[in-house]
Amino acid sequence: QRDQGTDANFRNVSQYWMPKTKSFDEGLQVIAEQKASRVDKLFDVKKLAFNNASGPITVSVDGQDFSPTDWAGRQLCKWLNVPTTMWGFYQSGDVGDTGVLLNAFRNGQSKIDKSKELLFRTYNDGTLRACMSDSYSIVDNEWYLEVLQEFIPGGRLSHFEFADADNFYGNVLIPDNIRSEDDSDYGGMLNVGNSEIGRSMVWQTPSI
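These figures come from a predicted structure and were not determined experimentally. (Residues numbered from 1 in each chain as written. Predicted model: local features only at pLDDT ≥ 70, side-chain atom pairs only at ≥ 80, totals over all residues. Heavy atoms only, no water.)

## Overview of the side chain of N194
- Position of N194 among the secondary structure elements: in strand β10 (residues 188-195).
- Judged by its relative accessible area of 2%, N194 falls in the buried class.
- A polar contact is formed between the side chain of N194 and the backbone oxygen of V139, at a distance of 2.8 Å.
- For N194, the side chain forms a polar contact with the side chain of N141, separated by 2.7 Å.
- Contacts of N194, omitting those with residues within four sequence positions, involve V139, D140, N141, Y144, D166, N167, F168, S200, M201, V202 and W203. (Helix = DSSP H or I, 4+ residues; strand = E, 2+ residues; numbered from the N terminus. Buried < 20%, exposed > 50% of the residue type's maximum accessible area, 1.4 Å probe, protein only. Polar contact = N/O pair within 3.5 Å; in protein donor to acceptor, adjacent residues only side chain to side chain. Contact = heavy atoms within 4.5 Å.)

Here's what the structure looks like:
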């Protein structure tokens, strides 16, 4: 117990670990910085252009070329009726391999009967990270963290992974002053996470 925290509100947290945690405001700042390089584009899937001149597949959205992540590539397969196994097999290969995928995308695109706008999540680093329905209901990471801040005032973010502006997961340490029991040898926390691009649903699980 001698190494436990000196903070009165987190007596069960190691004094060596506390400096590695973040406040809600610090977490929100990380999200804001990550979002600054993001642009969501509504664009007709029939007007997409595909290229593999340099090897990997690139997707032109409204005249700008992007390299799809694995997740975005698999979502593209869904919209263009291309088996995702093709993406997994060919996308990391040479020009001949990606050419097969290129033809499959173009073939699927040619069979779409009418215009269909999708929401393309793009970033200034040239990556395409999601291809979602224009009616997809996004749970905003910033909003979710603000809700947690409201319900757990003074909480600390521990083992938080802000993988990118679209996904996060981690633990919210619950301060002792808002807990109903004060005789536990364990601190209380909430395991939380969310993906704005459909990799997972928003979740929260109580834990110790």
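## Looking at the sheet that holds strand β8 (residues 156-164)
- If you walk across this open sheet you meet the five strands as β1-β8-β9-β10-β11, and the pairing is antiparallel. The open sheet has two free edges, formed respectively by β1 (22-23) and β11 (203-207), since each of these has just one partner strand.
- Across the face of the sheet, helix α1 (residues 24-35) comes into contact with β1, β8 and β9 (167-174) while running at roughly 5° to β8.
- Along the sheet face, helix α5 (residues 141-151) touches β8, β9, β10 and β11 and points at about 165° away from the line of β10. (Pairing = 2+ DSSP bridges. Axes fitted to C-alpha atoms, helices over the stretch in contact; angles between N-to-C directions.)

## Let's talk about unusual backbone geometry
- The backbone of D62 shows a phi angle near 55°, a positive value even though the residue is not glycine.
- Relative to the elements of secondary structure, D62 occurs in the loop between β4 (58-61) and β5 (64-68).
- Relative accessible area serves as the criterion here: at 55%, D62 is assigned to the exposed category.
- Even without a glycine there, the phi angle at H159 is positive, about 50°.
- Note that H159 resides in strand β8.

## Focus: the nonpolar core
- In this structure, L48, L76, F105 and F120 are the most contacted members of the largest nonpolar core, which totals 23 residues.
- Mapped onto this core, the elements with two or more residues apiece are β4, α2 (70-79), α4 (95-110), β6 (117-123) and β7 (127-133).
- Among the elements that take part in this core, α4 stands out by supplying four residues, more than any other.
- When neighbours within four sequence positions are excluded, L48 is seen to be in contact with F43, V59, S60, V61, L76, Q109 and F120.
- Judged by nonpolar contacts, the second largest core, of 15 residues, contains Y144, I152, L157 and F168. (Core = buried A, V, L, I, M, F, W, Y, C linked by side-chain atoms within 4.5 Å.)

## Some words on α1
- Between its first and last C-alpha, α1 extends 16 Å over twelve residues, near the 16 Å set by a 1.5 Å rise per residue.
- Among the residues of α1, those classed as buried are F24, G27, L28, I31 and Q34. Within α1, the buried residues cover an arc of 120° as seen down the axis, which keeps them to one side. Facing away from the buried side of α1 by over 90 degrees, the exposed positions are D25 and E33.
- Considering only its buried residues, α1 is in contact with β1, β2 (38-44), β6, α5, β8 and β9. (Expected span 1.5 Å × (residues − 1). Arc of directions from axis to C-beta.)

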